[in-house]
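Coordinate inspection notes
Next come the chains, spelled out residue by residue.
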Amino acid sequence: MFDATDVEVIPLGEACGAEIRGVDLKKDLSDEVVAKIQQAWNDHLVLCFRGQDLTQEDQLRFAARFGPLGARKQAPEPLRDKAEGVWQLDPKILLVSNIKVDGIPVGAFGDGDMWFHIDSGYSEKPYKYTFLYGVELPAEGGDTLFANMYKAYDALSDDMKKRIAGKKALHIHEYKRAEKVDLSTDISKVPHWFHPVAITHPLTKRKALFVDRLMTARIEGVSNEESDEILRELYDHGEKPEFTYAHKWRLGDFVMWDNLALIHARSWFPPEQRRLMRRCTVDGAPVFE
Ligand code: OGA
Ligand code: MN
């Protein structure tokens, strides 16, 4: 029987991240243990449990302790071939993979690196949490990188904090992985939403920068030039090494992150090596400055 006193929290880096020991996620966890995990999560933003052996049901049962599970988002028809994959059978699960069967992708996000982003940041209610389990891993690369957006916000100059105060930005998803969105076309059919450039985290009440290189495309209420200048500065700032932690996956790792306090990315891995990750989420709500 697990007891909250068995839960050990070991920080993984300066920026964010902690490993949690003493918990078997297959088991039914007491409210006390869940509360201890939640506290560590608020403090460290991304948690890793090593050596887990989890079925899809185990993963969903554990994730549901932190709120209503999110549904996998369906890409609009014209973008559908860039998303999805043919093994996507459960509406609460997204398989992230480069594996193909008869030339057809089985999962989402394929090969290569992926720029920093917020999961479903392009929607009215970005997911609150994301949970990722490593099922098959390449021998090298394919790290998941996390950047602490509390630290990034706190470290902005007073001038920049003033420039972005009260501003909203367009978040838009064309199902690209390492390429800017094309705003010269009609975006009405491309999923998008406007969010404050800095948000107040609903749980911790801390200010977090809410901008990412992949999907944040335009700050409202300023010229194109000024928007581009500010966004370039904010992308580079948020991705600074002092705010980031790179997770090098080992088989059996279960990683969960706070999708409102972090942005995350993926590093390159050899395309001929298989990578399969199982993702689920907890639903979010509109975010506010
Ligand atoms: C995701 C994601 C990165 C990775 O599942 O949302 O960004 O390393 N994954 O697979
Ligand atoms: Mn993601």
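Given the structure is predicted, the values throughout are model-derived calculations rather than measurements.

**Quick look at the side chain of Ser 97**
- Tracing the sequence through the fold places Ser 97 in strand S4 (residues 94-97).
- Within the structure, Ser 97 has its side chain in polar contact with the backbone nitrogen of Ile 99 (distance 3.0 Å).
- At 2.7 Å, the side chain of Ser 97 forms a polar contact with the backbone oxygen of Arg 275.

**Points about empty space enclosed by the protein**
- Here the structure, examined in full by the defined rule, presents 3 cavities of 30 Å³ or more.
- Elements supplying a minimum of two residues to the lining of the largest cavity: strand S7 (108-109) and strand S8 (114-117).
- Here the residues of the lining of the largest cavity are counted per class, giving 10 nonpolar, 3 polar and 8 charged.
- Its volume calculated, the second largest cavity comes out at about 140 Å³.

**Quick notes on the site of ligand 1**
- Lining the immediate surroundings of ligand 1 are Val 96, Phe 109, His 117, Asp 119, Leu 132, Thr 144, His 264, Arg 266, Arg 275 and Arg 279.
- At 2.6 Å, a side-chain N or O of Thr 144 approaches an oxygen atom of ligand 1.
- Here Arg 279 contributes a side-chain N or O atom positioned 2.8 Å from an oxygen atom of ligand 1.
- When ligand 1 sits alone it has 290 Å² of accessible area, and the protein chains cover 100% of it.

**With respect to the coordination of the manganese ion (ligand 2)**
- Donor atoms from the polypeptide that coordinate the manganese ion (ligand 2) comprise His 117 (NE2), Asp 119 (OD) and His 264 (NE2), at 2.1 Å from the metal.
- As a motif over one chain, the donors of the manganese ion (ligand 2) read H-x1-D-x144-H. Highlighted residues: Asp 119 in the loop between S8 and strand S9 (129-136) and His 264 in strand S18 (residues 262-266), separated in sequence by 145 residues. Of the two residues examined, Asp 119 and His 264, each falls in the buried class.

**A look at the domain arrangement of the protein**
- Taken domain by domain, the protein consists of domain 1 (4-114 + 123-138 + 249-261 + 269-282) and domain 2 (149-238).
- For domain 1 and domain 2, the distance between their C-alpha centroids amounts to 24 Å.
- If you look at the interface, domain 1 gives 25 residues, while domain 2 gives 20 residues.
- Overall, the association of domain 1 and domain 2 removes approximately 1,800 Å² of surface from exposure, summing both partners, and the carbon and sulfur fraction of that is 65%.
- Our count for the domain 1 to domain 2 interface comes out at 0 salt bridges.
- Where domain 1 packs against domain 2, one counts 5 residue pairs in polar contact (both at pLDDT 80 or more).
- Class assignment for the residues of the side of domain 1 that touches domain 2 results in 12 nonpolar, 6 polar and 7 charged.

**Quick notes on the packing of aromatic side chains**
- Evaluation of the coordinates by the stated rule reveals 13 aromatic pairs.
- When the ring of Phe 49 is compared with that of Phe 254, the centres are 6.4 Å apart and the planes differ by 55°; the resulting orientation is tilted. Of the two residues, Phe 49 is situated in strand S3 (residues 46-49) and Phe 254 in strand S17 (residues 254-258); the sequence distance between them amounts to 205 residues.
- When its relative accessible area of 0% is taken as the criterion, Phe 49 is described as buried.
- Ring pairs connect the aromatic residues Trp 41, Phe 49, Phe 62, Phe 66, Tyr 129, Phe 131, Tyr 133 and Phe 254, which therefore count as one cluster.
- Directly above the ring of Tyr 150 sits Arg 206, whose terminal nitrogen or CZ lies 4.3 Å from the centroid.
- Against the face of Phe 269 rests Arg 275, its NZ or CZ located 5.5 Å from the ring centre.

The rules behind each value
Residues numbered from 1 in each chain as written. Chains lettered and ligands numbered in written order. Predicted model: local features only at pLDDT ≥ 70, side-chain atom pairs only at ≥ 80, totals over all residues. Heavy atoms only, no water. Helix = DSSP H or I, 4+ residues; strand = E, 2+ residues; numbered from the N terminus. Polar contact = N/O pair within 3.5 Å; in protein donor to acceptor, adjacent residues only side chain to side chain. 1 Å grid on protein atoms, 1.4 Å probe; cavity = no way out; pocket = protein on both sides within 12 Å on 5 of 7 lines; lining within 4 Å. Points joined across faces, edges and corners; volume = space filled by probe spheres on them. Nonpolar A, V, L, I, M, F, W, Y, C, P; charged D, E, K, R; others polar. Near = heavy atom within 4 Å. Areas by Shrake-Rupley, 256 points an atom, 1.4 Å probe, with all protein chains shown as cover. Donors = N, O, S within 2.8 Å, 3.2 Å for Na, K, Ca; no water. Buried < 20%, exposed > 50% of the residue type's maximum accessible area, 1.4 Å probe, protein only. Domains from an automatic or database assignment. Contact = heavy atoms within 4.5 Å. Buried area = accessible area lost by both parts, 1.4 Å probe. Salt bridge = Lys/Arg side-chain N within 4 Å of Asp/Glu carboxyl O. Phe/Tyr/Trp six-rings, centres within 6.5 Å; stacked < 30°, edge-to-face > 60°. Lys NZ or Arg CZ within 6 Å of the ring centre and 35° of its normal.

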